[in-house]
Amino acid sequence: MSAIVRGDRLRSGHDFHFLVEEWDRLCEDRGWKKTVIAEVDELPVFAVENGIASEGGKDGIYVSAGVHGDECAPPWALLEWAESLTEADEGRPMLLFPCLNPVGIVDNTRMDQDGVDLNRNFQNPDIPVIGAWQEFLEGRSFQMAVNLHEDYDATGIYLYELARSEPIGDKLLSACEDLIRRETSDLVDGSDFQNGLMQREVDDESLREVVERDLEGGWPEAIWLYLHYSKDSFTFETPSEMALDKRVATHRRFLEVVSKRCTHCPE
Ligand SMILES: [Zn+2]
């Protein structure tokens, strides 16, 4: 299955215009606030906030998807998860970026319209989308930041966990592995993993050094969020060569289980 199933319709996973239409409909239904923070090649980069977040509520959940355009399951999973939220879930501030790299999604490329990997540039306000994103986040704080990604080299799911709270990464992966099993390799994208999990237990200064040394000062969204805005940070990945419907279901499951851990979330 390489298409997205919506009701009785099939759409390409790279149909960005349809994704925007679906978010517009959902925001109107729920009274959520949609803000276009930037436009790239006439396509909108937008944020979605629920009522409590748009009124300044802090320490809820942040989720972003579509930073890499060749990873198309996350934006649809985020939409499905958002559609499934109940009134009770509205007690938790929620800020979503459904697709940070729209041109990448349309073109099915990792990079943006200028050939830039946004996920190595979250420190760089000279990139218009990043500058707008940084401005939008000013003064905000989150209990958890969740970044959804995919990996074409992976054979299973894996998770980067940066936590000041008690680590929960293993439990989160356990809740998803009936859909797609865990990555078995000890080395993923150049990092040491154990049973699909990489938990960094380092202080903030050491983490800055890691970014400067290993990533040549190119900041991923997850680490930037962790050091500036969020208590905990999770980056969840699915293998992008697997069937799309399975990848969407797995990201959605991850969002369901991780969001229940947000203490703002009602029991
Ligand atoms: Zn990615």
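Figured I'd write up the structure that's included with this text. Every value quoted in this text rests on a predicted model; they were computed, and no experiment measured them. (Residues numbered from 1 in each chain as written. Predicted model: local features only at pLDDT ≥ 70, side-chain atom pairs only at ≥ 80, totals over all residues. Heavy atoms only, no water.)

Some details on the coordination of the zinc ion
Around the zinc ion, the donor atoms from the protein are H68 (ND1), E71 (OE), E71 (OE) and H149 (ND1), and they sit 2.0 to 2.3 Å away. Each of the four donor atoms bound to the zinc ion contributes to angles spanning 57 to 146°, and the resulting shape is irregular. In primary-sequence terms, the residues that donate to the zinc ion follow H-x2-E-x77-H. Within this pair, whereas H68 is found in the loop between strand 5 (60-64) and helix 3 (73-84), its partner H149 is found in strand 7 (residues 142-151), the two being separated by 81 residues in sequence. Taken individually, H68 and H149 each receive the classification buried, so the pair is uniform in this respect. (Donors = N, O, S within 2.8 Å, 3.2 Å for Na, K, Ca; no water. Tetrahedral: all angles 85-135°; square planar, octahedral: opposite > 155°, others 65-115°. Helix = DSSP H or I, 4+ residues; strand = E, 2+ residues; numbered from the N terminus. Buried < 20%, exposed > 50% of the residue type's maximum accessible area, 1.4 Å probe, protein only.)

Describing the pairing of strand 6 (residues 94-97)
Judged by which residues are buried, strand 6 turns out to be covered on both faces: M94 and L96 on one side and L95 and F97 on the other are all buried. In this sheet, strand 6 lies alongside strand 4 (residues 43-49) in antiparallel orientation, the contact comprising two bridges. In the sheet register, V48 faces strand 6, and the bridge partner there is L96. Sheet topology note: the strand 5/strand 6 ladder contains four bridges and is parallel. Within strand 6, the position partnered with V63 by the bridge is L96. (Pairing = 2+ DSSP bridges.)

Structural notes on helix 7 (residues 204-214)
Looking only at helix 7, the buried set comprises L207, V210 and V211. Down the axis, helix 7 shows its buried residues gathered within 95° of arc, on one side only. Close packing links the buried residues of helix 7 with strand 8 (158-163), strand 11 (197-200) and helix 8 (221-228). The N-terminus of helix 7 is capped by D203, whose side-chain oxygen sits 3.0 Å from the backbone nitrogen of E205. (Arc of directions from axis to C-beta. Contact = heavy atoms within 4.5 Å. Polar contact = N/O pair within 3.5 Å; in protein donor to acceptor, adjacent residues only side chain to side chain.)

Topic: empty space enclosed by the protein
The tally for this structure, following the rule as stated, stands at one cavity of 30 Å³ or more. Roughly 40 Å³ of volume is contained in the largest cavity. Lining the largest cavity are V40, V45, L100, N101, P102, D112, Q113, L118, I127 and V129. For the lining of the largest cavity, a count of residues per class yields seven nonpolar, two polar and one charged. (1 Å grid on protein atoms, 1.4 Å probe; cavity = no way out; pocket = protein on both sides within 12 Å on 5 of 7 lines; lining within 4 Å. Points joined across faces, edges and corners; volume = space filled by probe spheres on them. Nonpolar A, V, L, I, M, F, W, Y, C, P; charged D, E, K, R; others polar.)

Structural notes on the sheet that holds strand 7
Pairing in this open sheet of eight strands is mixed, and the strands run 3-4-6-5-7-12-8-11 from one edge to the other. The sheet is open, and its two borders are formed by strand 3 (33-40) and strand 11, each paired with just one other strand. On average, adjacent strands in this sheet sit at an angle of 15° to one another, irrespective of strand direction. The sheet strands contacting helix 9 (residues 244-259) are strand 5, strand 7, strand 8 and strand 12 (230-239), and the helix crosses strand 7 at an angle near 165°. (Axes fitted to C-alpha atoms, helices over the stretch in contact; angles between N-to-C directions.)

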